[in-house]
Amino acid sequence: MSESEVGKFNQQVLTSIDGWCDELIAGLRDHGWWASTKPVLPKPLLRAMRQEVEDLWENGDFIQSQSVLGGNIYYDKKHVFATEIKSEKYTTSPRMWHYTVTMTRELVRRVNAAFPEMDLNGKFIGNKLNMSVGNGAAFDAHLDVGVAEKPFNRKLSLLLYLNDSWRPALGGEIVLLGEGQTEAEAAKSQPGALGLPVTLPPTSGTLVAFWSDKILHKVKASEVLKGMKDYRVSYVIWLVGEDHEEQVAPSSAAEDASKAETAPSWAF
Ligand SMILES: O=C(O)CCC(=O)C(=O)O
Ligand SMILES: [Fe+2]
């Protein structure tokens, strides 16, 4: 990307944020979550970002994604692969990088202004790019905090979907279930008061935001019918609290996973 392309890209991201950020903040305040009802970025930009993700895939940048049971048993998340957007990937995915940096900088500023008690960190974040390759790939219900490889100080999860070809036959909807550690607990938490449960299709440009430590969520099984363009792509940025360095205590078992997910200093 040339310097002027970068400038234009960042300006488009900032203009977009300006269009929906007040709604996002109101959603977080009232319910603890928000989802856009239309794409949060212009279509050509989303298509270019999708292409970058497919290029990363073809480069072999993704690795098998894992889940954790009860804090210490790791198991493969079947048919789900993940990678992190960091500086080494800049040549292949400059737009993913600039989206990450611009989005983080702007949202940390705006969310901190609206919720000073969140005390979001402007220097560190976490991110993960998920690629599901069909065959019923799913994410079990979870919070984005609470076990070794998921730092306790993740505060806000920002999920962006890049699926141009999505249609109902592909599945893979995200379901925000309620508050609690388990589905049973979430069901008891009077989710109705939060407008939950809600099922959201992963269409391109949909942004889903929620408090990382409060909202239990899962992803329904997804399929691939026509090759790579049907692969399900979600990109999550986690904004974290100021106390990042003290709280991330990588235990030996989780060390690699924590490296894969936490706080690159590259963002700024
Ligand atoms: O892909 C999604 O819709 C959700 C992904 C997710 O929950 C995660 O990566 O923690
Ligand atoms: Fe999650």
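Residues numbered from 1 in each chain as written. Chains lettered and ligands numbered in written order. Predicted model: local features only at pLDDT ≥ 70, side-chain atom pairs only at ≥ 80, totals over all residues. Heavy atoms only, no water.

The protein chain appears in an unreviewed UniProt entry as Fe2OG dioxygenase domain-containing protein from Symbiodinium natans. Taken verbatim from the UniProt record of the protein chain, the Cofactor (unreviewed entry) comment is "L-ascorbate". (UniProt positions renumbered as here; feature names shortened; annotations may be inferred.)

Trainee: Please set out the overall build of the protein chain residue by residue, giving values where relevant.
Mentor: A count of helices and strands for the protein chain gives six helices and 11 strands. Taking all 268 residues of the protein chain together, the buried fraction comes to 54%. Long-range contacts, defined here as pairs at least 24 residues apart, represent 80% of the contacts in the protein chain between residues at least 6 apart. Carbon and sulfur atoms make up 51% of the accessible area of the protein chain, which amounts to about 12000 Å² in all. (Helix = DSSP H or I, 4+ residues; strand = E, 2+ residues; numbered from the N terminus. Buried < 20%, exposed > 50% of the residue type's maximum accessible area, 1.4 Å probe, protein only. Contact = heavy atoms within 4.5 Å. Areas by Shrake-Rupley, 256 points an atom, 1.4 Å probe, with all protein chains shown as cover.)

Trainee: I'd like to hear about the packing of aromatic side chains, residue by residue, with values.
Mentor: In this description, a pair of aromatic rings is defined by centroid distance and the angle of the planes. Applying the stated criterion across every chain yields a total of seven aromatic pairs. When the centroid spacing of 5.9 Å and the interplanar angle of 20° are considered together, the rings of tryptophan 20 and tryptophan 34 count as stacked. Separated by 14 residues along the polypeptide, tryptophan 20 in helix α1 (residues 3–31) and tryptophan 34 in strand β1 (residues 33–35) bring together distant segments of the chain. (Phe/Tyr/Trp six-rings, centres within 6.5 Å; stacked < 30°, edge-to-face > 60°.)

Trainee: Before we move on, could you go through the pairing of strand β6 (residues 154–161) and cite the residues and values that matter?
Mentor: With seven of its eight residues buried, β6 lies for the most part within the structure. Inspection of the sheet shows β6 paired to strand β11 (residues 232–241) by seven bridges, in the antiparallel sense. For leucine 160, the partnering residue across the bridge sits in β11 and is tyrosine 235. As defined by bridge partners, β6 adjoins strand β9 (residues 207–211) across five bridges and the pair is classed as antiparallel. Across the sheet, serine 157 pairs through a bridge with phenylalanine 210, a residue of β9. (Pairing = 2+ DSSP bridges.)

Trainee: Break down the packing of α1 against helix α3 (residues 94–114) for me, with residues and values.
Mentor: Look at α1 against α3: their axes get within 9 Å of each other, and the N-to-C directions meet at 40°. Note on packing geometry: the crossing formed by α1 with α3 is right-handed. For the pair formed by α1 and α3, the contact residues are Val6, Phe9, Asn10, Val13, Leu14, Ile17, Asp18, Trp20, Cys21, Ile25 and Arg29 on the first element and Arg95, His98, Tyr99, Thr102, Met103, Glu106, Leu107, Arg110 and Ala114 on the second. (Axes fitted to C-alpha atoms, helices over the stretch in contact; angles between N-to-C directions. Left-handed = near helix turned anticlockwise from the far one by under 90°.)

Trainee: Give a detailed account of the pattern of salt bridges, specifying residues and quantitative values.
Mentor: Applying the stated criterion across every chain yields a total of eight salt bridges. Between arginine 95 and glutamate 52 there is a salt bridge; the shortest N-O distance is 3.0 Å. Remark: glutamate 52 occurs in helix α2 (residues 43–58) and arginine 95 occurs in helix α3; sequence separation between them is 43 residues. Note on glutamate 52: relative accessible area 4%, which makes it buried. A salt bridge links glutamate 183 to lysine 218; the shortest N-O distance between them is 3.6 Å. Of this pair, glutamate 183 sits in helix α4 (residues 183–188) while lysine 218 is found in strand β10 (residues 215–222), placing the two residues 35 residues apart along the sequence. Residue lysine 218 is classed as partly exposed on the basis of its relative accessible area, which comes to 24%. Within the structure, one salt-bridge network assembled from shared partners comprises Asp18, Glu106, Arg109 and Arg110. (Salt bridge = Lys/Arg side-chain N within 4 Å of Asp/Glu carboxyl O.)

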